[in-house]
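# What the coordinates show
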Amino acid sequence: MNPCTSTTDNHDETKNSKSDRAKKSELIREIHKLEVQIQAMEREKSTHIFSKRSDFRADFLQLEELDTNSTSERKTEKIKVRQQLEKISHMVKRFHRELKDVKPTPEFVEKLKLIMEDIEGTINSFKEQQRYKYEELLKEERSTYLEIKNLEKRFETWSQSSGCISSRPVSGRPVTSARDITKDLPPEVAAFQRFLQQTGGVRGGWDEYDHQTFLKFRQKYKGRIVFLDQLPSAIPTKTETEIREHESWYQEYLFLQDNKKYAIKKWREKKEDEKEDVLSKAGQDEETEIETEKKKQQKYLEKLQEEKSVRCAQVNAWKVQKELEKAQAEERRLQEEMMKQRKKEEERKRQQDIKQKVLEMKQQREQEEEIMKEKQKLQEQEELEIKQRIAAKQIPKFRNRDQQKLEEKLFKERLKEEERIEKELLKERIKQNTEYNVRRDPSRLLKPTTGWKQRLKDNTPNNTGPVLHMPHRAIPAWRQGP
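The text that follows walks through the structure, step by step, so that each part is easy to find. (Residues numbered from 1 in each chain as written. Predicted model: local features only at pLDDT ≥ 70, side-chain atom pairs only at ≥ 80, totals over all residues. Heavy atoms only, no water.)

So, on to the packing of aromatic side chains. Applying the stated criterion across every chain, the model contains six aromatic pairs. Ring geometry for Trp249 and Tyr250: centres 6.2 Å apart, planes at 40°, overall tilted. Tyr250 carries the same exposure label as Trp249, and that label is buried. Judged by centre distance (5.9 Å) and plane angle (25°), the ring pair of Tyr250 and Tyr253 falls under stacked. Placement of the pair is Tyr250 and Tyr253 together in helix H8 (residues 240-433), with a separation of three residues, close to one helical turn. Side by side, Tyr250 and Tyr253 carry an identical accessibility label, which is buried. Members of the aromatic cluster, each reached through a chain of ring pairs, are Phe195, Trp206, Phe214, Trp249, Tyr250 and Tyr253. (Phe/Tyr/Trp six-rings, centres within 6.5 Å; stacked < 30°, edge-to-face > 60°. Buried < 20%, exposed > 50% of the residue type's maximum accessible area, 1.4 Å probe, protein only. Helix = DSSP H or I, 4+ residues; strand = E, 2+ residues; numbered from the N terminus.)

This is how it looks when you write it as structure tokens:
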């Protein structure tokens, strides 16, 4: 194989891998941007359109249900697509595992062929399903686009009509532009809008608290006329006449609102019919597209057949190549085994030489250790004899010194004993010379003492009495105060 060709192929592969990575990163960034936009739109939708506090909550309920169903369908579709992709990935991994253990047999080649055909069929069916779904989505997108265009045209006519009305000169009478603005709406919806504009909105000119109190009592009594007698005490800011007028207004409001809902329902049915007409017109174009798609599919199948035959030829060539590679590998294995055997023999001889040298060194070390032990033993014997001679000379001296210390100790103890005996004798003599016999008189405890008797005889005044003045030191001026 030419090395220049291999380097060029490697360069092309690295270049292609880099471009693929760049495309993948760009696609991921684009998906991230779209996700951010979707999240922003979802927040706006939940705050402005599907808010529970919105006045048009009832009108958007159907749209909210449709949005919820679409979201659940998207999640289900996402799970199914992920399962199909995992199945294809598992089949490809199985094919790679089979390629790791190659066996040049017809059965193995047939097995690989079947696996490749299964993978190819699964991928083609997945592509076909996705193509059909994309076609359905394109149809829905086309019909939605047409509806949006129609609505945009209607909005433009409304804005033009409102612009014409605002450019007119102001007359003495107030100009009601509701008729001109709602001229493209159904009559019921226009009547409802005019009614709201003329009567003060969805609460009939009342504030939120009064209107909610009115609705609470009306719902409590289920619309019976009795609740009008209870309302004046609950709404003190309104008179009974105003309350009855508000009840009449509310009945008319409900009537016009029902008419509006019915008109919107009819309008939606009409739009559905128009949508079906548009789809039927678009279906004719789709038939031509399907014909061209069938031709493309036929060409694609023919191309697949050609590729299949080419792959069969490649598999046969691959089998021959693998046989040659197997023979070359067997020859290399035998050469490697001979080289390993030769290296093992050389290693064994080297180990034996090393072992012999180690034994000789060990014997020599043991002999040296024996000689050293003999020398050490002789040296210890000589040191012991010297110590014995020195001890024989020093022992009599130590004995004489110990004898002297013992005699001195005994002499001191004898002197102490003599002193103790003398002290005892002295105590006995003193005791014999100073012995007295004193008779005890318990009655003396209750008799007054001599000092007390002398005190009773002394009757002179002792200057005891109340202290009228106690001398003390002078107080400083800075502590005397004002």
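Having seen it, we continue.
A word on a negative patch on the surface. Where like charges cluster on the molecular surface, the negative patch consists of Glu147, Glu269, Glu272, Asp273, Glu276 and Asp277. When residues of the negative patch are assigned to their parent elements, the largest contribution, five residues, is made by H8. Assignment of secondary structure puts Glu272 in helix H8. Residue classification places Glu272 among the partly exposed residues on the basis of a relative accessible area of 43%. (Patch = residues over 30% accessible without salt bridge, like charges linked within 9 Å, V, L, I, M, F, W, Y side chains within 5 Å. Areas by Shrake-Rupley, 256 points an atom, 1.4 Å probe, with all protein chains shown as cover. Salt bridge = Lys/Arg side-chain N within 4 Å of Asp/Glu carboxyl O. Lys, Arg positive; Asp, Glu negative; His and termini not counted. Charge placed at Lys NZ, Arg CZ, Asp CG, Glu CD.)

Let us look at the nonpolar core. A general feature of soluble globular proteins is that nonpolar side chains tend to end up buried together. Within the largest apolar cluster, 16 residues are counted, with the highest numbers of intra-cluster contacts made by Phe195, Phe214, Phe227, Leu231 and Tyr253. Mapped onto this core, the elements with two or more residues apiece are helix H5 (187-199), helix H6 (208-220), helix H7 (227-234) and H8. Counting residues per element, this core draws most heavily on H8, which supplies five residues. In terms of nonpolar packing, the next biggest core, distinct from the first, is built from six residues, Met91, Leu112, Ile115 and Ile119 among them. (Core = buried A, V, L, I, M, F, W, Y, C linked by side-chain atoms within 4.5 Å.)

Right, let's get into H5. With 13 residues, H5 should cover 18 Å at 1.5 Å per step; its first-to-last C-alpha distance of 18 Å lies within 8% of that length. Within H5 the residues assigned to the buried category are Val189, Ala190, Phe192, Phe195 and Leu196. Just past H5, the residue Gly200 takes up positive phi, approximately 95°. (Expected span 1.5 Å × (residues − 1).)

Turning our eyes to something else, we now look at the side chain of Thr122. Its place among the elements puts Thr122 in helix H3 (residues 106-167). Those residues in contact with Thr122 that sit more than four places away from it in its chain are Ile88 and Met91. (Contact = heavy atoms within 4.5 Å.)

With their axes 10 Å apart at the nearest point, H6 and H7 run at an angle of 145° to one another. Regarding H6 and H7, the two cross each other, and that crossing is right-handed. Between H6, through Thr213, Phe214, Phe217 and Arg218, and H7, the contact on the second element is made entirely by Phe227, Gln230, Leu231 and Ala234. For the contact of H6 with H7, a count of residues per class yields five nonpolar, two polar and one charged. (Axes fitted to C-alpha atoms, helices over the stretch in contact; angles between N-to-C directions. Left-handed = near helix turned anticlockwise from the far one by under 90°. Nonpolar A, V, L, I, M, F, W, Y, C, P; charged D, E, K, R; others polar.)

Another point: a positive patch on the surface. On the surface, Lys93, Arg94, Arg97 and Lys100 cluster together into a positively charged patch. Residue placement: Lys100 occurs in helix H2 (residues 61-100). Residue classification places Lys100 among the exposed positions, given a relative accessible area of 74%.

Overall, the coordinates contain eleven salt bridges when judged by the stated rule. Glu77 is the partner of Lys133 in a salt bridge, and the nearest nitrogen-oxygen pair spans 2.1 Å. Of this pair, Lys133 sits in helix H3 while Glu77 is found in helix H2, placing the two residues 56 residues apart along the sequence. Residue Glu77 is classed as partly exposed on the basis of its relative accessible area, which comes to 26%.

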